[in-house]
Amino acid sequence: MKSPASASWKAPLKFRMPTAENLIPIRLDIEVDGQRYKDAFTWNPYDPDSELVMFAKRTVKDLKLAPGFLPQIVQSIQSQLATFQSYEGQDMYVGDKIVPIKLDLRVNHTVIRDQFLWDLNNFDSDPEEFARTLCKDLGIEDPEVGPAIALAIREQLYEIAIQNVTSARENRINKKGRRAAEHFPISKASGAALDLMKLFSFRSSVVRKRKEWDNYKPILDLLSNEDVDALEAKEERSGR
Amino acid sequence: MAEKSPVKEAASSESVPISNSVQLKPSPQFSAKFTTPTPPNSDVPSTPTNRPPPVDADVIHVPSYSRWFSWDKIDSCESRFLPEFFDGRSPSKGPSLYMYYRNSIIKLFRENPSRKITFTDARRNLVGDVGSIRRVFDFLDHWGLINYSASSALSKPSKDTASNIKSSDSPSLESPSTAAPTPKQSSTSRRFCGACKSLCTIACFVCDKYDSTLCARCYVRGNFRVGLSNADFRRVEISDEANADWSEKETLLLLEATMHYGDDWKKVAQHVGGRTEKDCVAHFVKLPFGEEYLGHPLLDDAESGFETNKRVRLTPLSDASNPIMAQAAFLSALAGVEIAEAAAQAAVNILSKVDDTTASRGDNGSLERNSRQESEISSNGDTNQNASERAYADANSQLNKEEEDIGRAITEITEVQMKEIQDKILRFEEMDLLVEKERQQLESMKNLLFIDQLNLSFRRN
């Protein structure tokens, strides 16, 4: 599904995650009988439904959750899947888009903050691979960080893809004709998207300016137990 | 099984019957291992040199059927059971990804081998989509590479799912009623569906490729693993006899009756009592012939299961009216002629020895019967040999015929192509002629024009 990079306006493609594997991020946050279950993972939407039930059963069993969780989990995953599938048939415009992806997460004792540019046109991109390499390079020992990073990236990509779909839909309704539509996706969708032409034109250089270096560096923090507790308490309070 | 010797021994003796039933794939290395079970101690060296075993020498028990495992390599059975990583359909899901999943799950388990790791632990720590992680986890679980500690109370090693191997015998089933079955039950097995774990009653669908069993409902709903289609399943009827299992006594009566009455199944049914004729015949045919009595591994159930497809055509006496001979012929054809002969001879010898020493035993009758049957088998070996030779010659002649056919077809094709080329050449020649004529015409016209020009210039001057 690689589109030629020459024209800035490309024919609309069918909606899909702009990654090598069409996996979607799923987030669960269910509360039953005072027990709270929060989780997030990647799911393959083409797995059969039996897979879903199987997964829910195992999760309930492994984590020793109350059996009331089972239908809720199944329902939640199914609704997120349905949302994805509803977008699936539609078109999305992908211009020359390089988007910044921001990471700002806390997983157990590790806090990671990072920012980098991601090419939306590259349908061979692999957030999992990226997350694995990042963890290895930064020497992160907690194995749960990797999946969280991959998930965060996927979620952001998903958001952007959805925005592209909605902008495509609006463009179709918009009667100004094709010419105007050319500029719409680029300028309208997600103002943080950089214009390739501007970035790599002959006037500016490809090398990043020094003052921007700090923005794009990964910051890794290991918290102590008290910090973790304090943060968790704060999150719960803000969540309520 | 074995007496309570050190844990390792117990594990090894447990491994053998498990491998008996889980041995579904016929790669020759498995049958070799099958006859020489070594204690699982020797499995620790499966960890290669670059991963030193933990200093306090915790021995990790791995069942003998998983001896192929190594950190750096991918075995063929892995690529068979988890083809999604190896068929190149998606660019990022490759063998290296599979190895990353597999090695991390196993490392995670081995950090704390006395505790079973759950799927959720594993998937929380791995980057990737949970569906494929689950499949790898189930695969490892089923092959005993994780969660296999002999100390666990209820060894329910794997959760069968539609994508997993289905063994027709007890260990991987969850229902507690499977405490009952003896090794005999491997032939009259209760079929449990791999996907929904319900007892299959009427008919079940077996997939030979991945050897999974589905009940009719799951099959219809399409509850099979990714990559399979409806066509891969074949229908297997389960008779009601599976619900009423044959006890030892009944089987004994049946055998006695068969010896006495031979083919008269009415009398046999009477003798057995409580079974219809059809049941008797069906059960008799299904008996794993002579195995329990002799303790001889005449055959490998697994081998027969696989090779049935290939060798079905070669059973020479398959339509013999005598069911004993049919069974014997079938089995010996599957095992191979020399093997069957050797086994039969050995069995007869040992039986005669055993006969002498245990002459007063109550089960003498059955032994005698079996010795008679064994001698019949050995005499059958000869006829089998001729039959298989004939079959071999037939196969050869068919091969030759096919080769000739192919040769002929190729020559025809080349002839046709040459004719085509000839026709083309002819046509080109004709075209050439035409073009030549045109050229000459043009030349003459040019000449005329020249003459006219000359005339004109003459007139002027």
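Residues numbered from 1 in each chain as written. Chains lettered and ligands numbered in written order. Predicted model: local features only at pLDDT ≥ 70, side-chain atom pairs only at ≥ 80, totals over all residues. Heavy atoms only, no water.

Structural notes on the overall build of chain A
Keep this limit in mind: To qualify as a helix, a DSSP run of H or I must reach at least 4 residues; to qualify as a strand, a run of E must reach at least 2; elements of each kind are numbered from the N terminus. The cut-offs for exposure are 20% and 50% of the maximum accessible area for each residue type, with area from a 1.4 Å probe on protein chains only; residues under the lower value are buried, those over the upper are exposed, and the others partly exposed. Contacts were defined at the residue level, with two residues in contact if any of their heavy atoms lie within 4.5 Å. Methods summary: accessible areas were calculated by the Shrake-Rupley approach with a probe of 1.4 Å, and residue burial reflects only the protein chains presented.
Looking only at helices and strands, chain A features seven helices and eight strands. With 240 residues in all, chain A has 43% of them scored as buried. Across chain A, contacts joining residues at least 24 apart in sequence account for 67% of those joining residues at least 6 apart. Carbon and sulfur atoms make up 53% of the accessible area of chain A, which amounts to about 13600 Å² in all.

Things to note about the layout of surface pockets
Residue and element names in this part refer to chain A. Going by this rule: Here a cavity denotes grid points, spaced 1 Å and computed from the protein atoms alone, that fit a 1.4 Å probe unable to get out, and a pocket denotes an open set having protein on both sides within 12 Å along at least 5 of 7 lines; residues with an atom within 4 Å of a point are the lining. Grid points are joined across faces, edges and corners, and a volume is the space filled by probe spheres set on the points. Asp, Glu, Lys and Arg are counted as charged, while Ala, Val, Leu, Ile, Met, Phe, Trp, Tyr, Cys and Pro are counted as nonpolar; the rest, among them Gly, fall into the polar class.
Roughly 1300 Å³ of volume is contained in the second largest pocket. When residues of the lining of the second largest pocket are assigned to their parent elements, the largest contribution, seven residues, is made by strand 3 (residues 35–43). When its residues are assigned to classes, the lining of the second largest pocket shows 13 nonpolar, four polar and 15 charged.

Overview of the packing of helix 4 (residues 95–111) of chain B against helix 6 (residues 130–142) of chain B
Residue and element names in this part refer to chain B. Put simply, the rule is: The angle between two axes is taken between their N-to-C directions and runs from 0 to 180 degrees, where each axis is a line fitted to C-alpha atoms and a helix contributes only its stretch in contact. When an angle is under 35 degrees it counts as roughly parallel; over 145 it counts as roughly antiparallel; between 65 and 115 it counts as roughly perpendicular; any other value is oblique. Two helices cross in a left-handed way if the nearer one is turned anticlockwise from the farther one by less than a right angle. They cross in a right-handed way if the turn is clockwise.
Where helix 4 contacts helix 6, the axes come no closer than 10 Å and their chain directions differ by 55 degrees. By the criterion of interaxial angle, the relationship of helix 4 to helix 6 is oblique. In the crossing of helix 4 with helix 6, the sense of the turn from one axis to the other is right-handed. Across the interface between the two elements, Tyr98, Tyr101, Arg102, Ile105 and Ile106 from helix 4 touch Ser132, Ile133, Val136, Phe137, Phe139 and Leu140 from helix 6. Of the residues in the contact of helix 4 with helix 6, the class split is nine nonpolar, one polar and one charged.

Comments concerning the environment of Val60 of chain A
All names here are of chain A. Among the secondary structure elements, Val60 is positioned in helix 1 (residues 49–62). Residue classification places Val60 among the buried positions, given a relative accessible area of 11%. For the pair Val60 and Leu70, spaced 10 residues apart in sequence, the C-alpha to C-alpha distance is 6.6 Å. Beyond its immediate sequence surroundings of up to four residues, Val60 is in contact with Leu65, Ala66, Phe69, Leu70 and Ile73.

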